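The primary structure of each chain is shown beneath.
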Amino acid sequence: QVQLVESGGGSVQAGGSLRLSCAASGYTYNVYCMAWFRQAPGKEREGVAAISQYDITDYADSVKGRFTITKGNTMTTLSLQMDSLKPEDTAMYYCAAGPYVSSGCRLNPTAYSYWGQGTQVTVSS
């Protein structure tokens, strides 16, 4: 019903920057939350940043001050500006979308109904 496609991944040196993008299509009317998750080899998927229709954001402590999540005027485009990248940021990054929840748009993956296929981010030291 909702399709998500990520782009913008790549390889950078520590301290560099990348900007990830996500394009949503299909029936996006009921999308209230969008978020970025990441998963490194051998580790569980973790939330990175989330944003609501009204631009309320939530960030993982590990990326606060370095990453910025933004969206377009509708819930069809999503971006993640990543600055001061560290090797620990190396992971597959996934775009996610979900409906309204009373608790707000948080970083628990179970709240999100739709997922992209991911884009790889590699940060070298």
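For the structure, check the block above.
Residues numbered from 1 in each chain as written. Predicted model: local features only at pLDDT ≥ 70, side-chain atom pairs only at ≥ 80, totals over all residues. Heavy atoms only, no water.

**Focus: the pattern of salt bridges**
Two side chains with opposite charge may pair up if their charged atoms get near one another. As enumerated under the stated definition, the model contains 6 salt bridges in all. Among the ionic pairs, glutamate 46 bridges to arginine 38, the shortest N-O distance being 2.8 Å. Arginine 38 sits in the buried class, given a relative accessible area of 6%. Residue aspartate 89 is joined to arginine 66 by a salt bridge in which the shortest nitrogen-to-oxygen separation is 2.8 Å. Taken together, the positions of aspartate 89 in the loop between strand E8 (77-82) and strand E9 (91-98) and arginine 66 in the loop between strand E6 (57-59) and strand E7 (67-71) put the pair 23 residues apart, joining distant regions of the chain. Like arginine 66, aspartate 89 is buried. Within this structure, Arg38, Glu46, Arg66 and Asp89 form a network of salt bridges that share partners. (Salt bridge = Lys/Arg side-chain N within 4 Å of Asp/Glu carboxyl O. Buried < 20%, exposed > 50% of the residue type's maximum accessible area, 1.4 Å probe, protein only. Helix = DSSP H or I, 4+ residues; strand = E, 2+ residues; numbered from the N terminus.)

**Points about the side chain of aspartate 89**
For aspartate 89, a relative accessible area of 1% translates into the label buried. Only 2.9 Å separates the side chain of aspartate 89 from the side chain of arginine 38, close enough to count as a polar contact. For aspartate 89, the contacting residues outside a window of four places in its chain are Arg38, Arg66, Phe67, Ser84, Val121 and Val123. (Polar contact = N/O pair within 3.5 Å; in protein donor to acceptor, adjacent residues only side chain to side chain. Contact = heavy atoms within 4.5 Å.)

**Some details on the nonpolar core**
Ranked by internal contacts, the top residues of the largest apolar core, which has 39 residues, are Met34, Trp36, Leu80, Met82 and Tyr93. Counting only elements with at least two residues in this core, the list comes to strand E1 (2-7), strand E3 (18-26), strand E4 (33-39), strand E5 (46-52), E7, E8, E9 and strand E11 (119-124). The residues contacting methionine 82, other than those within four sequence positions of it, are Gly16, Ser17, Leu18, Leu20, Arg66, Phe67, Tyr93 and Val121. (Core = buried A, V, L, I, M, F, W, Y, C linked by side-chain atoms within 4.5 Å.)

**Topic: the pairing of E8**
The pairing of E3 with E8 spans 6 bridges and is classified as antiparallel. In the strand pairing of E8, alanine 23 is matched with threonine 77. The sheet contact formed by E7 and E8 spans 5 bridges and is antiparallel. Of the residues in E8, the one forming a bridge with lysine 71 is leucine 78. (Pairing = 2+ DSSP bridges.)

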